[in-house]
Amino acid sequence: MTETKPMTTVLVFGGKTGWIGGLMVTMCKEKGIKVVAAESRIENREDVAAELDAVKPTHVLMSAGITGRPNIDWCEDHKPETLRVNVIGTLNVADLCYMRDIHCTIYATGCIFKYDEEHSLGSGVGFKEDAKANFDGSFYSETKGYMEPMLKCYPNCLILRVRMPISDDLIHRNFVTKIVKYERVVNIPNSMTVLHEMLPASLAMAQKGLTGVYNFTNPGVISHNQVLDLYTKYIDPTYHYKNFTVEEQSKVIKAGRSNNELDTTQLMKDMPEGIVINDIQTAVELCFQRMKVNLTEMGWLPDNMPEEFVREPLSS
């Protein structure tokens, strides 16, 4: 990109039915930015091109993609469909935006790494932006792993490595919601993305015209147990959980899961002024404080949680 253009019109792929896309549409409206939720499906190149030409956005936010339902195990049995959207579709949007000199923010994933000798568990040494993917234990991560080097070729693209996104509610896509419903969880420190803080940052980064890859997580790591302990503290004091090992976990899932720490030095260095990003421990605790207020207003708290979230009491 030769110059930073004012953000006057935003087109959001994934804005109609997607989680992050929908949040970004709402955020743009609240900030008084003209925003359109894309109608076209990203795998249909001609439709995407026609919509870009009709809307004429200054900026595109691209959060469309397949993660699978209820989780990424779905992708293991639907590889052509996963490729069509996550690879071909994403490249369609990046390429068509490049041809029209449109800044394109892509909400990608940091689940393309696993702890290794150079970035060992508990070392505090995180993967940097120039690190090459080393995790292909799931087909979802495999596709994302070879997508990133291709996307980096486009000088108009801002590529954000989101990990284990956490929101202030219990929507099914929230990392908290997922692990709360599991009977057993692994307990491994990970980099995670608290959306309340990070999504406004993504908009500010796009407005600033930043491009290239960024580790898009709150600084530091937090473990599954630490997240669930905060859930117990703020949401449900009767909740309880059990741990199991990665080896035990592998027997009940089709695809492996990525565990890693991402280095956020570059992100924090380039963060636009006025954006507050807390360390992950602080950010998650603040998130649960907001969640408690939200669930109380919804009538779920103090004692009306949906059955799917309620655990049988521990026998004494």
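You'll find the structure just up there.
Residues numbered from 1 in each chain as written. Predicted model: local features only at pLDDT ≥ 70, side-chain atom pairs only at ≥ 80, totals over all residues. Heavy atoms only, no water.

Novice: Explain a nonpolar patch on the surface to me, using residue names and the numbers behind them.
Specialist: On the surface, Leu83, Tyr146 and Met150 cluster together into a nonpolar patch covering about 220 Å² of accessible area. Among the secondary structure elements, Leu83 is positioned in helix α4 (residues 79–99). (Patch = residues over 30% accessible without salt bridge, like charges linked within 9 Å, V, L, I, M, F, W, Y side chains within 5 Å. Areas by Shrake-Rupley, 256 points an atom, 1.4 Å probe, with all protein chains shown as cover. Salt bridge = Lys/Arg side-chain N within 4 Å of Asp/Glu carboxyl O. Helix = DSSP H or I, 4+ residues; strand = E, 2+ residues; numbered from the N terminus.)

Novice: How would you sum up the pairing of strand β3 (residues 59–62)? Please name residues and give values.
Specialist: Side chains His59 and Leu61 project from β3 onto one buried face, and the interleaved Val60 and Met62 project onto a second face that is buried too. Sheet topology places strand β1 (residues 9–13) next to β3; four bridges connect them, and they run parallel. In the sheet register, Phe13 faces β3, and the bridge partner there is Met62. For β3 and strand β4 (residues 103–109), the ladder comprises four bridges, and the chain directions are parallel. Within β4, the position partnered with His59 by the bridge is His103. (Buried < 20%, exposed > 50% of the residue type's maximum accessible area, 1.4 Å probe, protein only. Pairing = 2+ DSSP bridges.)

Novice: Outline helix α7 (residues 195–208), listing residues and values.
Specialist: In this model α7 runs 19 Å from its N-terminal to its C-terminal C-alpha over 14 residues, within 8% of the 20 Å that 1.5 Å per residue would give. Taken together, the buried positions of α7 are occupied by Leu195, Glu197, Met198, Leu199, Ala201, Ser202, Leu203, Ala204, Met205 and Ala206. Downstream of α7 by a residue or two, Gly209 has a phi angle that is positive, lying close to 85°. (Expected span 1.5 Å × (residues − 1).)

Novice: Which residues make up the pairing of β1, and what values go with them?
Specialist: Put simply, side chains in a regular strand alternate between the two faces of the sheet. Most of β1 sits inside the fold, with five of its five residues counted as buried. Along β1, one buried face is formed by Thr9, Leu11 and Phe13 and the opposite face, lined by Val10 and Val12, is buried too. Relative to strand β2 (residues 34–37), β1 runs parallel, the two being bridged by four bridges. Note on β2: the bridge partner recorded for Val12 is Ala37. After leaving β1, the chain enters helix α1 (residues 19–30) and then returns to the sheet as β2, a path that is right-handed. (Right-handed = clockwise from strand over helix to strand, strands pointing away.)

Novice: Requested: an account of helix α2 (residues 45–55), with residues and values cited.
Specialist: Residues of α2 that are buried include every one of Val48, Ala49, Glu51, Leu52 and Val55, and no others. All buried residues of α2 lie within an arc of 165° about the axis, which places them on one face of the element. Exposed positions of α2 whose direction lies more than 90 degrees from the buried face are Glu46 and Ala54. Packed against the buried residues of α2 are β1, β2, β3 and α4. Remark: Lys56 follows α2 within two positions and exhibits a positive phi of approximately 55°. (Arc of directions from axis to C-beta. Contact = heavy atoms within 4.5 Å.)

Novice: Just give me the short version of the pattern of salt bridges, but keep the residues and values in it.
Specialist: Within the structure shown, the criterion is met by 11 salt bridges. Of the charged contacts, one joins Glu39 and Lys16 as a salt bridge, the two residues approaching to 3.4 Å between their closest N and O atoms. Of this pair, Glu39 sits in the loop between β2 and α2 while Lys16 sits in the loop between β1 and α1, placing them 23 residues apart in sequence. The residue Glu148 makes a salt bridge to Arg161 at a minimum N-O spacing of 2.6 Å. Taken together, the positions of Glu148 in helix α5 (residues 139–151) and Arg161 in strand β5 (residues 157–162) put the pair 13 residues apart, joining distant regions of the chain. The class for Arg161 is buried, based on a relative accessible area of 0%.

Novice: I'd like to hear about the packing of aromatic side chains, residue by residue, with values.
Specialist: Going through the model one piece at a time under the given rule, you end up with six aromatic pairs. Their ring planes at 70° and their centres at 5.8 Å tell us that Tyr98 and Tyr154 sit as a pair that is edge-to-face. Separated by 56 residues along the polypeptide, Tyr98 in helix α4 and Tyr154 in the loop between α5 and β5 bring together distant segments of the chain. Judged by its relative accessible area of 43%, Tyr98 is partly exposed. (Phe/Tyr/Trp six-rings, centres within 6.5 Å; stacked < 30°, edge-to-face > 60°.)

Novice: Outline the packing of α1 against α7, listing residues and values.
Specialist: Here α1 crosses α7 at 65°, and the two axes come no closer than 11 Å. In terms of orientation, α1 and α7 fall into the roughly perpendicular class. Crossing hand, α1 versus α7: right-handed. Contact residues: α1 offers Trp19, Ile20, Leu23, Met24, Met27 and Cys28, while α7 offers Leu195, Leu199, Pro200, Ser202 and Leu203. Its residues placed into classes, the contact of α1 with α7 shows 10 nonpolar, one polar and no charged. (Axes fitted to C-alpha atoms, helices over the stretch in contact; angles between N-to-C directions. Parallel < 35°, antiparallel > 145°, perpendicular 65-115°, else oblique. Left-handed = near helix turned anticlockwise from the far one by under 90°. Nonpolar A, V, L, I, M, F, W, Y, C, P; charged D, E, K, R; others polar.)

The values are spatial; any link to function lies outside them.
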